[in-house]
Amino acid sequence: MRREEDNARSTGLVDPGLLTSLGSLRVRAKQVVEGAIAGLHRSALTGVSVEFTEYKEYSAGDDIRHIDWKSFARTDRYFVKQFEDETNLRAYLLIDCSGSMLYGSEGGPTKHTYAAHLAAALAYLFVHQGDAVGLLTFSKEPGGYLPPGSRQSHLEDLFSLLENSASGGGTDLSAALMTLAERARPRSLAFLLSDLLDTSPAAMNAAKVLRQRRFEVILFHLVDPAELTLPFEGLTLFTGLEGEGGLVVDPDDIRDQYKKEIQGYFASVERECHHSDIEYRRVSTAMPMESVLLDFLFWHGRKR
Amino acid sequence: MSLLHPMLLLGMLLVGLPIVIHLIHRKRAVRRPFPPIEFLLRSNKRLARRLKVKQLLLLLFRVALFLLLPFALTQPFLLGQAGNQTESRYPLAVVFVLDDSASMARLIDGATLFERARHRLLTDLSELKSQDQTALVLAHSPPSAPVDRLQQDHRRVRAALEALTGPTPLSTDLPAALALARDIHALSDLPARRTVLLTDNAHHGWSDSAIPPEELAGLGEVEIIDLSGQDREQTPSNVAIVDGGYRDARSGGEGSYDLWARIRNHGDRSIDGIGLDLWLDEAPAGRLLVDLPPGGETVAEFSVGIPNGGLHRARFQLVEPDPPLEQDNRYFLTLHLDRQVTALLVNGDPRQIPYRDELYYLERALSTGLEDPSGVSSTVVGWEGLNHPFTDFDVVVLANVPALPRGQVAQLAQFIREGGGLLLTMGDRVRPEVYNALFADLLPKPLRSLRQLCQRRDPDAGLLATRLGRIDTSHPVFQVFDLPGGESLQSINVCSYLLLEPSAAGAVQTLAYYGDGGPALVEHEVGTGRVALWTTTVDRDWTDLPIRTAYLPMMRRLVRHLARRGSIESDSQAVVGQWRTINLEAQNPERVSITDPAGGRHVLAPEAQGPTSLRFVPPLAGHYQISLLIAGVERQFEELMFSANLDPAETDPSLAESELVRSFLAAAATGAPDDPGVSSLPQRRISLWPAVLLLFALVLCLELAMAIRRRQYVRIREWLGSWRWVSRPGHRTRLRHTKPGGRI
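Residues numbered from 1 in each chain as written. Chains lettered and ligands numbered in written order. Predicted model: local features only at pLDDT ≥ 70, side-chain atom pairs only at ≥ 80, totals over all residues. Heavy atoms only, no water.

Can you walk me through the overall build of chain A in this structure?
Scanning chain A from terminus to terminus reveals eleven helices and ten strands. Per-residue burial for chain A yields a buried fraction of 52% across its 304 residues. For chain A, the proportion of contacts with a sequence separation of at least 24, taken over those separated by at least 6, is 74%. Total accessible area computed for chain A in this model is approximately 13,500 Å², and 50% of it derives from carbon and sulfur atoms. (Helix = DSSP H or I, 4+ residues; strand = E, 2+ residues; numbered from the N terminus. Buried < 20%, exposed > 50% of the residue type's maximum accessible area, 1.4 Å probe, protein only. Contact = heavy atoms within 4.5 Å. Areas by Shrake-Rupley, 256 points an atom, 1.4 Å probe, with all protein chains shown as cover.)

Quick look at the structure:
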């Protein structure tokens, strides 16, 4: 990870710490995307849209102009009409806004900030390719939801929702995934940006359900470097950010065991994802966002 | 264990500091939010036991550090007994007091206590520093000092020790020996003094001394090395002959003697059938089996016949397998049986007809005229022509003597005070008032008047006369009358006798009474002599005793008793190591030679007009011979021979009471020099603080090893690993720091 940071500096990529100090999210997203696109030889997402028409049950955020009133008359339910020209690609961004995501080691961005910027960059990229992108934030409960859209104004709404998404509290990843499964159209892309500290098996099961519904799930596992190395010294009172209690311990005493525990957990998550055909990407918040995006685009394109 | 700076122990109060620091440190723990705390909790749970042990060990180490450091700073030390040369200290003056008395010959595990003491002393001597001064005192009585001046040449003491052949047969006087050690110390200019007493610590060694505890003041501290190897609760076993003697046999036969020995069992178990042999003139004369109660004693008596009298050497020997102390199983006796008693018989009523003479019967009773070595040689004189010097005789008999010139009475009194004997017998010529005036200082009791019960020729004399009544059969004169046939004495008839005035009970002893209660024979001592008063006649005028069978033994025994020839001479027995006075009997010798039992010859030269006695300390147990050189001719005087035996106290192995010893040691400690170093210096000081500091360093290393952070350890290891030996052509191989930017 240190090597990646060094590489970022050497290639002129924006340092994640510096990124957070730049202007609006749009500017930052644009900068990241341009930095990433500049490194691509071709667009990884061109020519992949599917041409068909269908109805989708109305959900909050859908344009009411597209409600099919005839269907409403027949079924007493709201359906929104989907047009061929706007269904090239539907991508959903699921942002973990739990308390644990508010953690950032000294000098670096919080995981939530990093996730928001990464999501903004992805949204910017999708919209500028003409694809639709939606957003779902969640913590203990599913939070704000923005259905997919591909207009510039939609992007502004998405940025606005991202900037105001930090909430704290616990995590219920499975509830968020099930919400998405209910609301989103199958065969969509689902980007999950989370630190995955909700270790309940239900979360992974929900991800599997999503996958079974023909979603292409890409998991960005955000990890702060301190969470990997436990670099602290001296007697420390560790407290959880989601009400897990506290522990007074000398980090030296348990560092090795901790590393073993957490890396074992990460390995098990990666293994589960692999088995469920979920694309797993562990992202250190110390890594330049451009390289994360570039890496994703490069390898995702090759995969397709 | 002692501490040089005990106040620094207060530093141990800091022991609570690690705990306080731990608690404060815990309160000051950095609060840090950390999302994956679940993994921390899980890790902590897995490592909980190990961490707890580590924390506990750390706490222990830190507590130990705070205990050890103040303890080391107090400079603790031990006082040891030996190994002085390894300890830096001032030169030491050491007086070794070695008990070489008879009791030190006691065997324990095949070695005598003396040998053990000498070995220990030689070991101590070899451990002294070369500049230490030493002297040696032997604690027999009276004590002696083979090395009587403190000197750095330890070989003197070593040579003196090696020259000692073994324990002496002398008695012990530990306080006197310590007093001598104090005098030797007084001549030393070294402030540090040490007195080491090696002894069996027997009770008699302290209790029998004439030196009071106060006289040991100024000696200082005394180190007692008790070699007895016994505890105070247990009494070691030992059987010893503690006394012996001889006397005329109770059977009364001429030439028969009873030789007796007193045997004491010092142990707490009874002993049955232990053999006691009697050797007479180095020939076995008999054996007795003796039973001894625990802690008690028994008198064993041999009856032997020695018809020829003369000088004889007797020895008692206990037959004891593996005796702990061989010397006390022997006891020596010198028997003087040839000294015929000489008596001056003064006749107060001489007659022409022999059987009417006052002394007719007595003279014949004392000497039968036959070969009679045990008889009494008597000289008969009339009272009016008396001019013999009394000192030529052992005993004087005044038989019915009316009176004597006052000058002769004075000579007679002087003779008695110097050990002579006087027998006064009554008769019709004795006037009580004359006797009371003339012999006031000699009479056991004043005479009162005549008691006449009948006339000798009276037909009713048998009825009117009184008889002898109660007699003291424990007295040597009447001992034989306690045997079968002895009752004949009571059958005599007494028609008249002189009554005595009553007097205060005291030194006067009534040996026989008449049947009507009047005293028959009374005795008392005047000076060193004896006077006996027979209140009736020694002829047939007042009594028929002279024609009775009891007359001869009674008179002979009475005369011999008055002459003090009937039992062991008080001056024929001596104690080894104690002064003995030799009475030269006005021989005025030019030289006196004494031959001891080992054949050693001790020559004493009295002054020409010196005293008639000499003093001599017998060095060994056994028989001693004495020769006098008179007018150029040396002649052996058998009557001066004597025997010497061990001090009976030396046979008692019981330990001295702690209080008794403590009183002497406490007195010795008083008045010692005030130099605080003096009392502590005699013992070796073994410093403990280096060991404590070493332990402190060890604990500190352990604490650091446990407390050091992994990262610090890795950094140190990396730093150490970054040094390399670098060799370049044309340059020497050097150690270089290979890390960029590192200093060489």
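On we go from here.
Whenever I open this one, the overall build of chain B confuses me. Can you help?
Each helix and strand in chain B was counted, giving 15 helices and 38 strands. Within chain B, buried positions represent 47% of all 744 residues. In chain B, once contacts between residues fewer than 6 apart in sequence are set aside, the share between residues at least 24 apart is 73%. When the accessible surface of chain B is totalled, it reaches about 36,300 Å², and 53% of it is carbon and sulfur.

Even after reading the chapter, I still don't get helix H2 (residues 37-73) of chain B, so can you show me in this structure?
The periodicity of an α-helix, 3.6 residues per turn, causes residues three or four positions apart to be oriented the same way. Residue and element names in this part refer to chain B. The end-to-end C-alpha distance of H2 is 47 Å, clearly below the 54 Å that 37 residues give at a rise of 1.5 Å each. Along H2, the largest kink reaches about 60° and is centred on Ala 48. Directly beyond the C-terminal end of H2, a positive phi value near 55° is found at Gln 75. (Expected span 1.5 Å × (residues − 1). Bend = angle between axes of the 7 residues up to and from the residue.)

Please clarify how the pattern of salt bridges should be interpreted in this entry.
For the structure on display, the rule yields 33 salt bridges over all chains. Here B:Glu115 ties to B:Arg118 by a salt bridge, and the two come within 2.7 Å at their closest N and O atoms. Taken together, the residues B:Glu115 and B:Arg118, both in helix H3 (residues 113-126) and three residues apart, mark about one turn of the helix. Exposure remark for B:Arg118: the relative accessible area of 12% places this residue in the buried category. With its nearest N and O atoms 2.8 Å apart, the salt bridge here joins B:Arg548 to B:Asp544. Given a relative accessible area of 14%, B:Asp544 falls into the buried group. Several salt bridges share partner residues, and in doing so they unite A:Glu261, B:Glu38, B:Arg42 and B:Arg46 into one network. (Salt bridge = Lys/Arg side-chain N within 4 Å of Asp/Glu carboxyl O.)

It is not clear to me how the environment of B:Val304 should be interpreted in this structure. Could you clarify?
All names here are of chain B. Among the structural elements, Val 304 can be located in strand S15 (residues 297-305). The spatial distance from the C-alpha of Val 304 to the C-alpha of Gly 286 is 8.9 Å, given a sequence separation of 18 residues. Discounting residues that sit within four places of it in the chain, Val 304 has contacts with Gly 255, Ser 256, Tyr 257, Leu 259 and Leu 278.

Is there a simple way to explain the side chain of B:Ser643 in this structure?
When you line up the elements, B:Ser643 lands in strand S35 (residues 642-645). The exposure class of B:Ser643 is buried, given its relative accessible area of 0%.

Help me understand the packing of helix H7 (residues 173-183) of chain A against helix H8 (residues 201-212) of chain A in this model?
When two helices pack together, their arrangement is captured by the angle between the axes and the distance separating the axes. Residues and elements named next belong to chain A. Orientation of H7 relative to H8, taken along the N-to-C sense of each, is 15°, at an axis distance of 7 Å. Classified by the angle between their axes, H7 and H8 sit roughly parallel to one another. In the crossing of H7 with H8, the sense of the turn from one axis to the other is left-handed. Of the residues in H8, those touching H7 at Leu 173, Ser 174, Leu 177, Met 178, Leu 180 and Ala 181 are Ala 202, Ala 203, Ala 206, Ala 207, Val 209 and Leu 210. Across the contact of H7 with H8, the residue classes tally to eleven nonpolar, one polar and no charged. (Axes fitted to C-alpha atoms, helices over the stretch in contact; angles between N-to-C directions. Parallel < 35°, antiparallel > 145°, perpendicular 65-115°, else oblique. Left-handed = near helix turned anticlockwise from the far one by under 90°. Nonpolar A, V, L, I, M, F, W, Y, C, P; charged D, E, K, R; others polar.)

It is not clear to me how a positive patch on the surface should be interpreted in this structure. Could you clarify?
Residue and element names in this part refer to chain B. Taken together, the side chains of Arg 356, Arg 456, Arg 457 and Arg 540 present a region of like positive charge at the surface. Mapped onto the fold, Arg 457 is located in the loop between strand S22 (447-452) and helix H10 (461-464). Classification of Arg 457 as exposed rests on a relative accessible area of 65%. (Patch = residues over 30% accessible without salt bridge, like charges linked within 9 Å, V, L, I, M, F, W, Y side chains within 5 Å. Lys, Arg positive; Asp, Glu negative; His and termini not counted. Charge placed at Lys NZ, Arg CZ, Asp CG, Glu CD.)

Honestly, the confidence of the model for chain A in this entry has me stumped. Any pointers?
The predicted coordinates should not be examined in detail at positions where pLDDT is low. Residues and elements named next belong to chain A. Mean pLDDT over chain A works out to 77, with 78% of the residues at or above the 70 mark. Across chain A, the secondary-structure element scoring lowest on mean pLDDT is helix H1 (residues 2-11), at 42, and the one scoring highest is strand S10 (residues 279-284), at 91. Below a pLDDT of 50 lies the segment residues 1-14, which in the model reaches 18 contacts outside its immediate sequence neighbourhood of four places, other chains included. Taken together, the stretch residues 39-52 has pLDDT below 50 and engages in 20 contacts with residues farther than four places along the chain or on a different chain. (pLDDT = per-residue confidence, 0-100.)

Could you clarify how one ought to interpret the packing of aromatic side chains in this entry?
In this description, a pair of aromatic rings is defined by centroid distance and the angle of the planes. Applying the stated criterion to the full structure yields 25 aromatic pairs over all chains. On the basis of an interplanar angle of 65° and a centroid distance of 6.3 Å, the ring pair of A:Tyr58 and A:Tyr78 is categorised as edge-to-face. With a gap of 20 residues between them, A:Tyr58 in the loop between strand S1 (54-57) and helix H4 (69-75) and A:Tyr78 in the loop between H4 and strand S2 (79-82) connect regions that are remote in the sequence. By relative accessible area, A:Tyr58 is classed as partly exposed at 31%. With a centroid separation of 6.2 Å and 35° between ring planes, the pair formed by B:Phe390 and B:Phe415 is classed as tilted. A residue pair is termed long-range when its members are at least 10 positions apart, and B:Phe390 in the loop between strand S19 (376-382) and strand S20 (395-399) and B:Phe415 in helix H8 (residues 406-417) qualify at 25 residues. Clustering of aromatic rings is evident, with ring pairs tying together A:Tyr103, A:Phe232, A:Phe238, A:Tyr258 and B:Phe34. Positioned above the aromatic ring of B:Phe642 is the side chain of B:Arg580, whose terminal nitrogen or guanidinium carbon lies 3.8 Å from the ring centre. Over the face of the ring belonging to B:Phe637 we find B:Arg635, whose NZ or CZ atom lies 4.0 Å from the ring centre. (Phe/Tyr/Trp six-rings, centres within 6.5 Å; stacked < 30°, edge-to-face > 60°. Lys NZ or Arg CZ within 6 Å of the ring centre and 35° of its normal.)

What's the story with the sheet that holds strand S8 (residues 144-151) of chain B in this structure? I'm lost.
Hydrogen bonds between backbone groups are what pair the strands of a sheet, and the pairing can be parallel or antiparallel. Residue and element names in this part refer to chain B. One open sheet holds the five strands; their spatial order is S8-S7-S4-S9-S10, and the pairing between them is mixed. In this open sheet, the two edge strands, each paired with only one partner strand, are S8 and strand S10 (222-226). Strand-to-strand twist of the sheet, defined as the mean angle between neighbouring strand axes without regard to direction, takes the value 15°. The pairing of strand S9 (residues 193-199) with S10 spans five bridges and is parallel. Across the sheet, residue Thr 199 finds its bridge partner in S10, namely Asp 226. Taken strand by strand, H3 contacts strand S4 (93-98), strand S7 (133-138), S9 and S10, and its axis lies near 170° from that of S4. (Pairing = 2+ DSSP bridges.)

In this structure, what is going on with the sheet that holds strand S2 (residues 30-33) of chain B? I would like to understand it.
Spatial ordering of the open sheet is given by S9(A)-S8(A)-S2(B), a layout of three strands whose pairing is mixed. In the strand order of this sheet, the two ends are held by strand S9 (246-249) of chain A together with S2 of chain B, each with one partner. Sheet twist, expressed as the average angle between the axes of neighbouring strands with direction ignored, equals 25°. As paired elements, strand S8 (residues 236-239) of chain A and S2(B) share four bridges and run parallel to each other. Within S2(B), the position partnered with A:Thr239 by the bridge is B:Pro33. Strand contacts of H2(B): S8 and S9 of chain A, with the helix running at about 50° to S9(A), the strand carrying the most contacts.

Before we go on, may I ask you to explain the interface of chain B and chain A in this structure?
Interface size is commonly expressed as the accessible surface area that is lost when the partners come together. Counting residues at the interface gives 27 residues for chain B, matched by 35 residues for chain A. Interface area for chain B against chain A, summed over the two sides, is near 3,000 Å², with a carbon-plus-sulfur share of 62%. Between the two partners, chain B and chain A, sit three salt bridges. Linking B:Arg46 and A:Glu261 is a salt bridge whose minimum nitrogen-to-oxygen distance equals 2.5 Å. Connecting chain B to chain A are eight residue pairs in polar contact (both at pLDDT 80 or more). Among the elements of the structure, helix H1 (17-27), S2, H2 and helix H15 (710-721) of chain B are those that each provide at least two residues to the side of chain B that touches chain A. Classifying every residue of the side of chain B that touches chain A by side-chain character gives twelve nonpolar, four polar and eleven charged. (Buried area = accessible area lost by both parts, 1.4 Å probe. Polar contact = N/O pair within 3.5 Å; in protein donor to acceptor, adjacent residues only side chain to side chain.)

Looking at this structure, how should I read the environment of B:Leu693?
Residue and element names in this part refer to chain B. Structurally, Leu 693 can be placed in helix H14 (residues 689-707). Taking the relative accessible area as the measure of exposure, Leu 693 reaches 33% and is therefore partly exposed. Considered as a pair, Leu 693 and Leu 73 are 620 residues apart in the sequence and their alpha carbons are 8.8 Å apart.

Would you mind going over the environment of B:Gly305 with me for this structure?
Residues and elements named next belong to chain B. Following the sequence through the fold, Gly 305 ends up in strand S15. Assessed through its relative accessible area of 55%, Gly 305 is described here as exposed. Along the sequence, Gly 305 and Gly 255 sit 50 residues apart, while their C-alpha atoms lie 5.5 Å from each other.

Honestly, unusual backbone geometry in this entry has me stumped. Any pointers?
It is generally the case that most residues other than glycine have a negative phi and that most peptide bonds are trans. The residue after B:Ser141, namely B:Pro142, is reached through a cis peptide bond having omega -5°. Checked against the element boundaries, B:Pro142 lands in the loop between S7 and S8. Despite not being glycine, A:Asp76 shows a phi value in the positive range, around 65°. Relative to the assigned elements, A:Asp76 resides in the loop between H4 and S2.

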